[in-house]
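A closer look at the structure
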Amino acid sequence: MIEQKENVFVISTENTSYMIGILDTGHPVHLGYGPLVDSVPSMETLYGRVRPNIGTAAYWDEEHRDIFPANLPLEYSTPWRGDNSEPAVIVEYGNGCTALDLLYRGHRIYRGKDTSFPASVPDSEGAETLELELSDSVLPISLYLSYTVFPSSDVIIRSARIVNGTDEAALLRSIASMQLDIPSDGWELVTFDGAWARERYEHRRPLLPGVTAVGSRLGCSGNEHNPLIYLENGRGEVYGFNLIYSGCHRECIDVSPFGRTRVLTGINPYGFSWRLMPGESFSAPEAVMTYSRSGREKAVLSFHSFINDHIVSGYWKGRERPVLLNSWEASYFSFDEERVLSLAEAGKELGIELFVLDDGWFGKRTDDTKGLGDWYPNRDRFPCGMGKFAEKIRSMGLMFGIWMEPEMVNFDSDLYRSHPDWVIALPGRKPLPCRHQYILDLSRQEVREYIIDAVSSVIDESGAAYIKWDMNRTFTDLFSYGSMGTAGELMHRYILGLYEVMGRLKERYPKVLFEGCASGGNRYDLGMLLFMPQIWASDNTDLHDRVMIEEGTLMGYPQSTMGAHVSASPGHQSLRVSRIDSRFSVAAFGAFGYELDVSALSDDDKESVRDEIAFYKKYRKVLQFGEFRVEHVSPNQRFWYSTLGKTTVAAEIQTLNEVHTGRLDRLRLPCAADGKMYRVTARKERIPESSGAAGGMTEDFSIEVSGMVLREYGAALGPQFTGNGFAEGTRILGDFGSRLYVIEEV
Ligand code: GLA
């Protein structure tokens, strides 16, 4: 709901309110973002009548000697007009001037929202938007700020659009999607950072005076810093932010000397500039934000339901994802048709629903040095072509899926030989190689058409029900031989081009399940999720590392979006040995599959896989669409929970098996309700003989307990240590062990 009383606007979600006031100078100021208010507060109540004097700072004018822009909680800020913190927008005009005053001119409150691409999508409940129109005090440069709410979501969507109404060209050097100025209150910044195979590890740091920024300069949202961030004050208050964008982004927090903490998110100004001709406008991508006063758990749930309801759209919205078997870690580049068919058959036997043929099926692609761009089947490997091969997979009762990397080209490829000018490269310089490949310039229409044709013909020929859309390098050498814009525009034009391609393919093939991938999780963001309902979280499938990767990912993105596979032991990335059931328990909290040679598993492991798949199918809806919660008991032990309706699947996850601690592990359920009874049952697993036990199945564990007791005290689990060796009742978890429990409300 959006209300206005005099010069105060209140934008409310189900449980939160965001308030804006307009000063008599026209400055739009932030009045608070917190719990839902019961009425529209007055300006005087929240802003105060007299503001503190801040010494050497410039004040607005002689009539407003208490208005110090350096201390105003602005809704949107500009340089060189008294506010010395990081500005939201920098437009260069005249002779290199960048000073602007963005003052209130009018507003509009309307049903619906701008759905121009790329944007979050209203459902049948609709949306409501406040648009504030600001413009400079002297020049006809306008800025439109919009705030959208959906009736049953605790997320607010922000965006900004600038219009050059002057009769000269201006240069946009930076434009934030949102600004939030809040009182400095001991905030800590939580970010999700990493690298290839180590994506989205959670980090926390105190915010001290000055600028703290994370972001991406990689050309994609990147594995170094995800656009998801949180501000937490240790007293239960949490702000969460994310961006609906897949390119270079920046999250910048500036703590001023005068008790103001400014949060800016948007396109990274690094290397960015955009020419605004007279009358032209530029729209920043949408940012999303949420507030919780009861810790991060609520903020995470708000983001999850927002993504399931308003980011993922079309056929796969809310739809259960198939259990897949991917050929990559099973055979890498060494395979022929016979080998993959037998892999698919072994998978089918165990309960797999979708077989995915990964890299190496096309052109001369027998290793990663060649073939990218030549999207026709390798006839040595698939003599009858992809259509016939896919038919064989389907005749086994499996869906067929296939890998592509449409944005890229190997230098050793027919495509590069015929269109060397289609790649992003600087005049007179050889572009830096990365995995022996260059990037196709998606800012060009002919390149976009080529990609749409190439992907369409692969889908048409093979009847693929699933495409793994990979992107395996970062950007360098920004320059376009054929785009409309300058090098400063190229990165953003590339992303817009990518969205156009994906949008058109989604429209043409609405039922095809696209899974985004970028050397694992190098482009895991809300922009990609608008078009691809799931994303491969990481090339690292080691269960211990995956706990950090998946938990970091799940702090902002729901389980249904996160590709998670069981792979071989020892893990190919970590060389760590682990039990297959433990690997399953961690991978089960995502869009699940296997990525190993299932035909080479021991009979015991095959039986385990069969049970795992059956279990996953039974609880798939809970695992993919349930409310995700996490509880850290100690650095060595944590629990994950996914709850849908009356059912929860919980995972106990242990790092090292500690001996003789005397501790009794307990399984709790943080969302268990008073006055209800719950049955807790452990999933039965095979005990490997290597554990020191005689083999067989794990102990029976089933107990009924009241909601209050389950939440506050927990149910005692058996001991992992009983003296010397294995004894009756010893619970086998082991190092890097994890196990699932089903908790049903009875
Ligand atoms: C990337 C992906 C992998 C696999 C390979 C194939 O690394 O992240 O999952 O598809 O490419 O080359």
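Along each chain, residues carry numbers from 1 onward, in the same order as the chain's sequence is written. Totals for whole chains, interfaces and linings use every residue, but because this is a predicted model, local features are given only for residues with pLDDT of at least 70 and side-chain atom pairs only at 80 or more, for both listing and counting. Each side-chain value is derived from all of the structure's non-hydrogen atoms; neither hydrogens nor water enter the calculation.

**Here's the deal with the overall build of the protein**
The numbering of helices and of strands both runs from the N terminus, where a helix is a DSSP run of H or I of at least 4 residues and a strand a run of E of at least 2. The helix and strand inventory of the protein stands at 14 helices and 38 strands. Since a compact globule built from 746 residues should have a radius of gyration of about 27 Å, the 27 Å found for the protein is in line with a globular shape. Here the C-alpha coordinates of the protein stretch approximately 85 × 70 × 40 Å along the principal axes. Per-residue burial for the protein yields a buried fraction of 61% across its 746 residues. With residues, only the protein chains shown are counted as cover, and all accessible areas are computed by Shrake-Rupley using a 1.4 Å probe. In the form shown here, the protein has an accessible surface area of approximately 27,400 Å², with 51% of it arising from carbon and sulfur atoms. C-alpha atoms define the radius of gyration, and 2.2 Å times the number of residues to the power 0.38 defines the globule rule. Buried, partly exposed and exposed residues are distinguished by accessible area as a fraction of the type maximum, computed with a 1.4 Å probe on protein chains only: under 20%, between the cut-offs, and over 50%, respectively.

**Things to note about empty space enclosed by the protein**
To locate leftover empty space, one rolls a probe as large as a water molecule over the atoms. Put plainly, a pocket is an open set of points on a 1 Å grid over the protein atoms alone with protein on both sides within 12 Å along at least five of seven lines, a cavity is a set where a 1.4 Å probe fits but cannot get out, and a lining residue has an atom within 4 Å of a point. Grid points are joined across faces, edges and corners, and a volume is the space filled by probe spheres set on the points. Scanning the entire structure with this criterion turns up four cavities of 30 Å³ or more. Its boundaries defined by the atoms lining it, the largest cavity holds a volume of some 90 Å³. Taken together, His-27, Trp-60, Pro-69, Leu-74, Tyr-76, Ser-77, Thr-78, Arg-81, Asp-83, Leu-100, Asp-101 and Leu-102 make up the lining of the largest cavity. Classification used: nonpolar for Ala, Val, Leu, Ile, Met, Phe, Trp, Tyr, Cys and Pro, charged for Asp, Glu, Lys and Arg, polar for all others including Gly. Among the residues making up the lining of the second largest cavity, the classes are represented as eight nonpolar, three polar and one charged.

**Topic: the environment of Ala-57**
Counting through the fold element by element, Ala-57 comes out in the loop between α1 (43-47) and β5 (89-92). For Ala-57, a relative accessible area of 15% translates into the label buried. Sequence spacing of Ala-57 and Asp-83 is 26 residues, and the spatial spacing of their C-alpha atoms is 8.8 Å.

**Some points on the environment of Arg-275**
Within the secondary structure layout, Arg-275 lies in strand β18 (residues 274-276). The spacing of Arg-275 and Glu-489 is 214 residues in sequence and 8.1 Å in space, taken between C-alpha atoms. A contact between two residues is defined here by any heavy atoms of the two lying within 4.5 Å. Excluding residues within four positions of it along the chain, Arg-275 makes contact with Ala-170, Leu-171, Glu-280, Met-484, Gly-485, Thr-486 and Glu-489.

**Looking at the pairing of strand β26 (residues 466-469)**
Residues of β26 alternate between two faces, with Tyr-466 and Lys-468 on one and Ile-467 and Trp-469 on the opposite face, all of them buried. The rule for pairing is simple: two strands pair if DSSP sees at least two bridges between them. Of the pairings in the sheet, the one linking strand β23 (residues 399-404) to β26 comprises four bridges and is parallel in character. Paired with Met-404 across the strands is Trp-469, a residue of β26. Bridging between β26 and strand β27 (residues 513-516) involves four bridges; their strand directions are parallel. Bridged to Tyr-466 within β27 is Leu-513.

**As for the packing of aromatic side chains**
Centres within 6.5 Å are what make two rings of Phe, Tyr or Trp a pair, Trp counting through its six-membered ring; a difference in plane orientation under 30 degrees is then read as stacked, over 60 as edge-to-face, and the rest as tilted. What the rule picks out here adds up to 43 aromatic pairs. Ring centres 5.3 Å apart and planes at 85 degrees place the aromatic pair Tyr-315 and Trp-316 in the edge-to-face group. Through pairs of rings, three or more aromatic residues link up here, namely Tyr-18, Tyr-33, Tyr-147, Trp-187, Tyr-239, Phe-241 and Tyr-291. The rule for a charge over a ring is simple: NZ of Lys or CZ of Arg within 6 Å of the ring centre, and within 35 degrees of the ring normal. One residue, Arg-108, lies across the ring of Tyr-110, its end atom 4.2 Å from the ring centre. The ring of Tyr-315 carries Arg-319 above its face, with NZ or CZ at 3.7 Å from the centroid.

**Observations concerning the layout of surface pockets**
One number sums up the size of the largest pocket: a volume of about 780 Å³. Every residue lining the largest pocket is counted, 41 residues in all, and those nearest its centre are Arg-579, Pro-688, Ser-690, Ser-691 and Ile-732. Elements with a minimum of two residues in the lining of the largest pocket: α11 (580-587) and α12 (603-618). No other element matches α11, which puts four residues into the lining of the largest pocket. In terms of residue class, the lining of the largest pocket is made up of 14 nonpolar, 16 polar and 11 charged. In this structure, the second largest pocket occupies an estimated 430 Å³ of space. Lining the second largest pocket are 28 residues, with Asp-114, Ser-116, Ser-159, Ser-283 and Ala-284 positioned closest to its centre.

**Side note on unusual backbone geometry**
Residue Pro-570 is bonded to the preceding Ser-569 through a cis peptide linkage, with omega at -5 degrees. In this structure, Pro-570 sits in the loop between β29 (562-566) and α11. In the Ramachandran plot, Leu-575 falls in the positive-phi region, its phi being about 60 degrees despite a non-glycine side chain. Turning to its location among the elements, Leu-575 is positioned in the loop between β29 and α11.

**A few points about a nonpolar patch on the surface**
Patch building starts from residues that exceed 30% relative accessible area and form no salt bridge, then joins like charges within 9 Å and nonpolar side chains (Val, Leu, Ile, Met, Phe, Trp, Tyr) within 5 Å. Salt bridges, as used here, are contacts in which a Lys or Arg side-chain nitrogen is within 4 Å of a carboxyl oxygen on Asp or Glu. There is a patch of nonpolar side chains on the surface, built from Met-708, Val-709 and Tyr-713 and spanning about 270 Å² of accessible area. In this fold, Tyr-713 is placed in the loop between α14 (707-712) and β37 (715-716). A residue is classified by how much of its surface remains accessible, and Tyr-713, at 52% relative accessible area, is exposed.

**Quick word on helix α7 (residues 445-462)**
Helix span, as expected, comes to 1.5 Å for every residue beyond the first. Taking 1.5 Å of rise per residue, 18 residues should cover 26 Å, and α7 covers 26 Å from first to last C-alpha, within 8% of that figure. In the core, the buried residues of α7 are packed alongside α5 (385-395), β23, α6 (414-418), β26, α8 (487-508) and β27. Just downstream of α7 lies Gly-463, where phi reads positive at about 65 degrees.

**Section: the domain arrangement of the protein**
Domain start and stop positions are those given by an automatic or database domain assignment. Its domain assignment divides the protein into domain 1 (78-311), domain 2 (314-536) and domain 3 (628-745). Put simply, the middle of domain 1 and the middle of domain 2, counted by C-alpha atoms, are 31 Å apart. Facing 35 residues of domain 1, the contacting portion of domain 2 comprises 28 residues. The junction of domain 1 with domain 2 conceals about 2,600 Å² of combined surface from both sides, 60% of it contributed by carbon and sulfur atoms. Once two parts are put together, the accessible area they lose, assessed with a 1.4 Å probe and summed over both, is termed the buried area. Three residues, Phe-117, Ser-246 and Trp-274, lead the burial of domain 1 against domain 2; their summed loss comes to 21% of the area buried on that side. There are zero salt bridges connecting domain 1 and domain 2. Secondary-structure elements contributing two or more residues to the side of domain 1 that touches domain 2 are β14 (225-232), β15 (238-243), β18 and α2 (296-311). Counting residues per element, the side of domain 1 that touches domain 2 draws most heavily on α2, which supplies four residues. Looking at the side of domain 1 that touches domain 2, its residues break down into 18 nonpolar, 12 polar and five charged.

**What about the site of the ligand?**
In the vicinity of the ligand, 13 residues are found, and the nearest of them are Asp-358, Asp-359, Lys-468, Gly-520 and Asp-539. We define a polar contact as two N or O atoms separated by no more than 3.5 Å, with the added condition that, inside protein, one atom must be a possible hydrogen donor and the other a possible acceptor, whereas residues neighbouring each other in sequence contribute only through side-chain atom pairs. Asp-470 places a side-chain nitrogen or oxygen 3.0 Å from an oxygen atom of the ligand. A distance of 3.3 Å separates an oxygen atom of the ligand from a polar atom in the side chain of Asn-472. Look at the ligand: alone it shows 310 Å² of surface, and the protein chains cover 96% of it. Of the residues assigned to the shell around the ligand, the class counts are four nonpolar, three polar and six charged. One heavy atom within 4 Å of a molecule or strand is enough for the residue carrying it to be called near that molecule or strand.

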